[in-house]
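# Summary of the model geometry
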Amino acid sequence: MVVALALVSACASAPRKAVDPEASLALPGGEFRFAHDAREAQAADMVRRAVEHAGPRLSLWGTFHDPVTLVIHPNHAALERAANRPGHDFLRAWARFEQVEVQSPRTWTRAGASQKQVDELLLHELTHSLMYQVSATRLTWTKKGIPLWFSEGMASYTAGQGYRVPSLEDLSRFLHDHPQADPLARAESLYESENATVYGAAHHAFDFLVSRYGEERIRGTLQAMGRGQDFPQAFQDAVGIPADTFLRDFRRYVYLRGFKGGRINPPEPGMGGLRGENRGLPWIPLFSKPLPPTSGPPDTTLGDTSPKR
């Protein structure tokens with residue numbers, strides 16, 4: 001994707017470029033620093049503006065208590081090295097507790113990136129860093145057991161990226177076509193082969209969580225982790241049900257097409273692909289024949305869903 005959707009976290013490391021102390025940015029929600037080579041001054045200005053623009057949406061979830069350094073890399077290869085993710089061509093940034101690695105916007109395409117694209121990307125990434133800081137410390141942020149669906153769903157929801165992911169109907173068709181696959185509870189096993197489905201499921205699950213229980217209970221989940229709880233207990237205490245119960249409810253809602261008031265007809269012959277609004281995402285084939293009758297979604301069991309970073 002030109003603007004990365006599949007952006008997750010990794011273990012922390014120190015900035016590799018000099019930080020300009022005069023380029024730091026103090027906002028009501030936190031302090032931000034920028035590290036880059038001299039030739040990336042224009043890119044740094046775009047990143048700085050994106051951080052400023054992100055403030056109002058980030059305030060939904062809290063404030064940063066540690067400064068965040070945004071390290072701007074001159075090309076994609078440098079980003080992959082910093083993120084320790086070789087072969088991830090779709091990446092444009094990588095978030096950690098106190099640092100965000102960013103590929104220089106001037107290299108995203110031949111024409112470079114627009115400010116709107118940089119705004120969307122940085123809002124997504126900074127949501128990750130904020131979630132880590134509100135829910136943990138430098139020593140515990142990788143140990144909270146936060147599942148990928150929650151982390152990526154929260155970032156996608158906050159950045160308003162629902163238009164980039166496969167629709168609920170696409171997700172329903174996937175669940176019917178792959179009854180043993182679970183892009184929510186077993187997202188890690190599908191990450192490489194069904195990237196778009198995993199991130200689409202995460203976005204829709206988090207949106208469903210907000211619609212049903214409200215943003216206050218999500219803040220409560222983060223705050224409970226900040227007081228020392230791991231994700232499963234924090235989610236149950238704040239939301240009122242276990243996370244696996246919530247996922248079964250959401251899976252059933254999607255599988256039975258609750259968003260449509262019931263099942264719908266299969267696509268017409270020749271439709272073949274996702275809607276045009278999902279440009280840039282890996283293509284997922286849709287059904288071209290009627291779905292088999294079923295009584296409900298397969299009942300999968302949550303395993304270890306914490307990100308293995």
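Residues numbered from 1 in each chain as written. Predicted model: local features only at pLDDT ≥ 70, side-chain atom pairs only at ≥ 80, totals over all residues. Heavy atoms only, no water.

### Observations concerning the confidence of the model for the protein
Per-chain confidence: the protein averages 83 in pLDDT, with 77% of residues scoring 70 or above. This model gives residues 1-16 a pLDDT under 50, and the stretch forms 75 contacts once residues within four places in sequence are excluded. Here residues 263-296 is modelled with pLDDT under 50, and outside its nearest four sequence neighbours on either side it reaches 60 contacts, counting other chains as well. (pLDDT = per-residue confidence, 0-100. Contact = heavy atoms within 4.5 Å.)

### What to know about the sheet that holds strand 5 (residues 99-103)
Pairing is mixed in the open sheet, where five strands are placed in the order 1-2-3-5-4. Two strands bound the open sheet, and with one partner strand each, they are strand 1 (25-27) and strand 4 (93-95). Within this sheet the neighbouring strands show an average axis-to-axis angle of 15°, counted without direction. Bridging between strand 3 (residues 68-73) and strand 5 involves five bridges; their strand directions are parallel. Within strand 5, the residue paired with isoleucine 72 across the bridge is valine 102. Along the sheet, helix 2 (residues 76-83) makes contact with strand 3, strand 4 and strand 5, crossing strand 5 at roughly 155°. Relative to strand 4, helix 3 (residues 115-135) is tilted by about 15°, and along the sheet it contacts strand 2 (30-35), strand 3, strand 4 and strand 5. (Pairing = 2+ DSSP bridges. Helix = DSSP H or I, 4+ residues; strand = E, 2+ residues; numbered from the N terminus. Axes fitted to C-alpha atoms, helices over the stretch in contact; angles between N-to-C directions.)

### Topic: the environment of alanine 238
One can find alanine 238 in helix 9 (residues 231-239). Since its relative accessible area comes to 21%, alanine 238 is described here as partly exposed. Aside from chain neighbours lying at most four places away, what touches alanine 238 is Arg217, Gly220 and Thr221. (Buried < 20%, exposed > 50% of the residue type's maximum accessible area, 1.4 Å probe, protein only.)

### Quick look at the packing of helix 4 (residues 148-158) against helix 8 (residues 215-226)
Put simply, helix 4 and helix 8 touch, their axes get as near as 14 Å, and they point 135° apart. Relative to helix 8, the element helix 4 lies oblique. Crossing angle aside, the handedness with which helix 4 passes helix 8 is left-handed. The residues of helix 8 that touch helix 4, namely those facing Phe150, Met154 and Tyr157, are Glu215, Ile218, Thr221 and Leu222. Split by residue class, the contact of helix 4 with helix 8 holds five nonpolar, one polar and one charged. (Parallel < 35°, antiparallel > 145°, perpendicular 65-115°, else oblique. Left-handed = near helix turned anticlockwise from the far one by under 90°. Nonpolar A, V, L, I, M, F, W, Y, C, P; charged D, E, K, R; others polar.)

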